[in-house]
Amino acid sequence: MKVLVTGGAGFIGSHLVDRLVQEGHEVVVVDNLSTGKRKNVDKRARFYKVDITSARLDRVFKKEKPELISHHAAQMDVRKSVSDPAFDARVNLLGLINILENAVKYGTRRVVFASSGGAIYGEQNFYPATEEHPTHPLSPYGVSKLSSEHYLYYYQKVMGLDSAILRYSNVYGPRQDPFGEAGVVAIFTKKLLQGEQPIINGNGMQTRDYVFVEDVVEANMAVINNPINDTFNIATAVESSVNQLFRYLVDITGAQAREIYGPEKKGEQIRSCLDYQKAHKVLEWEPKTPLLEGLKKTSEYFREELKA
Amino acid sequence: MDDGAGGQRVLVTGGAGFIGSHLVERLLKRRRPVVILDSFDPFYAPSIKWQNIDEIAAQSGLRRGEDFLSFDSEALTKRPLCTTARLVLVVGDLRDRKTLDAIFASFPIGIVFHGAARAGVRPSLADPLLYEEVNVRGTLLLLEAMRCHDVRRMLFASSSSVYGGGLRPPFREEDPTDRPLSPYAATKKACELLCASYHHLYRMQITVLRFFTVYGPRQRPEMAIHKFTRLIDEGSPVPLFGDGSSLRDYTYIDDILHGVMAAMETAFPFEVINLGESQTVSLKRLIELISEALGKDPRIESLPMQSGDVPLTHADISRARRLLGYVPQTQIEEGIRRFVEWYRHRKPG
């Protein structure tokens, strides 16, 4: 199948590209390399350095006519969305609309969209949050992700473009960007490997549901191979505190570091964890990588990166 | 949400006892404020438990009346309490619903470590009704109180005895646990089942920890290692049940605490995890090691195997390693040595 992966030079996208190429799909990548890296892109994929908001996207679609789009390109820095909500809306909403209009025009059958559970459910009423949990995003980033889902619904019902939505919890792993949602993993790992002292915001008891990127890729493959139009949380339902993350990474990296606490970040979510039973039942997917194992692999990656 | 003591509190039931008191010390060291609920039940001398409490206060540098307060349940239920004291001791019974409600109403509890129980396999044969009342009904009352006050997390102290007899070692968490050999073991399994249903119904995040014969400083006096140490030290005969070949997976308290602290930091939806040393020691070898450490010869008294006892325990700890990063460090030789050293310091006179 011909698959277009937007954001395919980025953290999650590039891992997905690897897997799709491995499975024998014909892969096209669109990425403006604002945060992605060209070297992340498998050489067997066709690469276009194009911004998803740009009119040049039309030419890519006209030439390639992808059957399926995996849309991972986004503005994913929550703090940036707060300081520049218009920029966030431009990339995340106008960029999405550009992709969907082209998809309809050039006959793409289906879109798989990377949404964000953590950002959409806000501070939860119950834990873990199922897909039915009320959505009250607390950042422009969360709003643009939720609005994207509404656009997809419209395009599906009215324009006949099938779509599946994956709401990720906090994805971490090799190639991770420190500015993304689970950035703390990348930030701590890099600092500890370089003998620096990371600062833990607040009391470190804030929790997140960390899901390893390889498991997220498997979820993408499961939904690509299952032609169902629905929304799925992709997560582990396990909450880990920042303190625990720190302790694991200190063990793994062998760094000499103690917990040092700094001021809490205003508006930072206190707890987050998502229920994945729907994905388990319908897609037969479950996360396979416990946090400790995922952090070991992540740490190995950053160790190699820092050598280079 | 906290009361100024530094975040949501941890409620440790049985916090004046062996495992509980060590856990309280660890938590206070990590700046987590604690509420202890303990009834100071005379199953073994309450004075020992009060000594544990004194040691906690001394170890953690707490001043009574300032950052360490105690209440009995009557005082607590009479009026709502507000305090920033890092350690609050409630002297009360798990079976008293009013006490539990008063605790949850007075303090913002983030997680409960439920260690309070009637322990010991053999006494449960003599008084099974009491074991059911404290262990099962008490746990259910606690779960109900948690549900009413929206306290969502629990670590439950379960036991290797749930594995019964006849399983091939090492025991894995998914092995059948339907044939407990004693009322004690049955009550622990019953609690696990209640926890599972409360998780399902009310989305409580509960981790069941199956402890494999914990030993170390403050071990209960009737438990094998403590008892044998005392008997050998006093020159009294040591009862050897069966031919001494029964095998146990003894787990040193420090290793258990690492596992518990890791489980505290991660909220699993519902998980059952063995915490053991994953090494087996025969009864005969145990007695040898204790004698060596004491420098005294044992006087052995051979007796038949006891009912209710399991012939073997041996933990498979791969799940604990995967999910908690649990790696036990203490070999039995070192653990016994450290226990005997503690015993020498502690004994009266």
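Going by the structure above, here's the rest.
The structure contained in this document is the topic of the report that follows. (Residues numbered from 1 in each chain as written. Chains lettered and ligands numbered in written order. Predicted model: local features only at pLDDT ≥ 70, side-chain atom pairs only at ≥ 80, totals over all residues.)

Structural notes on the overall build of chain A
Argument step 1. Per the secondary structure count, chain A includes 11 helices and 13 strands.
Argument step 2. For chain A, the C-alpha radius of gyration of 19 Å lies close to 19 Å, the compact-globule estimate for 308 residues.
Argument step 3. Principal-axis analysis of the C-alpha atoms gives chain A an extent of 55 × 45 × 40 Å.
Argument step 4. Scored against the burial criterion, the 308 residues of chain A give a buried share of 51%.
Argument step 5. Of the contacts made within chain A by residues no fewer than 6 positions apart, 78% connect residues no fewer than 24 positions apart. (Helix = DSSP H or I, 4+ residues; strand = E, 2+ residues; numbered from the N terminus. Rg over C-alpha atoms; globule rule 2.2 N^0.38 Å. Buried ≥ 20, exposed ≤ 12 C-beta atoms within 10 Å, placed from the backbone. Contact = placed C-beta atoms within 7 Å.)

A word on the pairing of strand 5 (residues 109-114) of chain B
Within a regular strand, side chains alternate between the sheet's two faces.
All names here are of chain B.
Argument step 1. A large share of strand 5 lies buried, amounting to six of its six residues.
Argument step 2. By the bridge criterion, five bridges tie strand 1 (residues 9-13) to strand 5 in an arrangement that is parallel. Bridged to R9 within strand 5 is I109.
Argument step 3. When strand 5 meets strand 6 (residues 153-159), the two strands line up parallel, connected through four bridges. Pairing of I111 across the sheet is with R153, part of strand 6. (Pairing = 2+ DSSP bridges.)

Notes on the sheet that holds strand 12 (residues 239-241) of chain A
Argument step 1. Across the sheet, which stays open at both edges, the three strands sit in the order 9(A)-12(A)-12(B) with antiparallel pairing between neighbours. Every interior strand has two partners, whereas the edge strands, strand 9 (207-208) of chain A together with strand 12 (266-267) of chain B, have only one.

Quick word on the interface of chain A and chain B
The figure often quoted for interface size is the accessible area lost as the parts come together.
Argument step 1. Facing the 19 residues of chain A at the interface are 12 residues of chain B.
Argument step 2. When contributions to the side of chain A that touches chain B are tallied by element, the ones reaching two or more residues are strand 12, helix 9 (242-253) and helix 11 (291-307) of chain A.
Argument step 3. Sorting elements by how many residues they give to the side of chain A that touches chain B places helix 9 of chain A first, with four residues.
Argument step 4. Tallied by class, the residues present in the side of chain A that touches chain B amount to 10 nonpolar, six polar and three charged.
Argument step 5. Alignment of strand 12 of chain A against strand 12 of chain B, held across two bridges, turns out to be antiparallel. In the strand pairing of strand 12 of chain B, A:S240 is matched with B:T266. (Nonpolar A, V, L, I, M, F, W, Y, C, P; charged D, E, K, R; others polar.)

Some details on the packing of helix 1 (residues 18-29) of chain B against helix 9 (residues 253-265) of chain B
Residues and elements named next belong to chain B.
Argument step 1. Relative to each other, helix 1 and helix 9 sit at 60°, their axes nearing to 10 Å. The angle between helix 1 and helix 9 falls in the class oblique. For the element pair helix 1 and helix 9, the recorded crossing hand is right-handed. Here I19, H22, L23 and R26 of helix 1 come into contact with helix 9, specifically with I253, I256, L257, V260 and M261. (Axes fitted to C-alpha atoms, helices over the stretch in contact; angles between N-to-C directions. Parallel < 35°, antiparallel > 145°, perpendicular 65-115°, else oblique. Left-handed = near helix turned anticlockwise from the far one by under 90°.)

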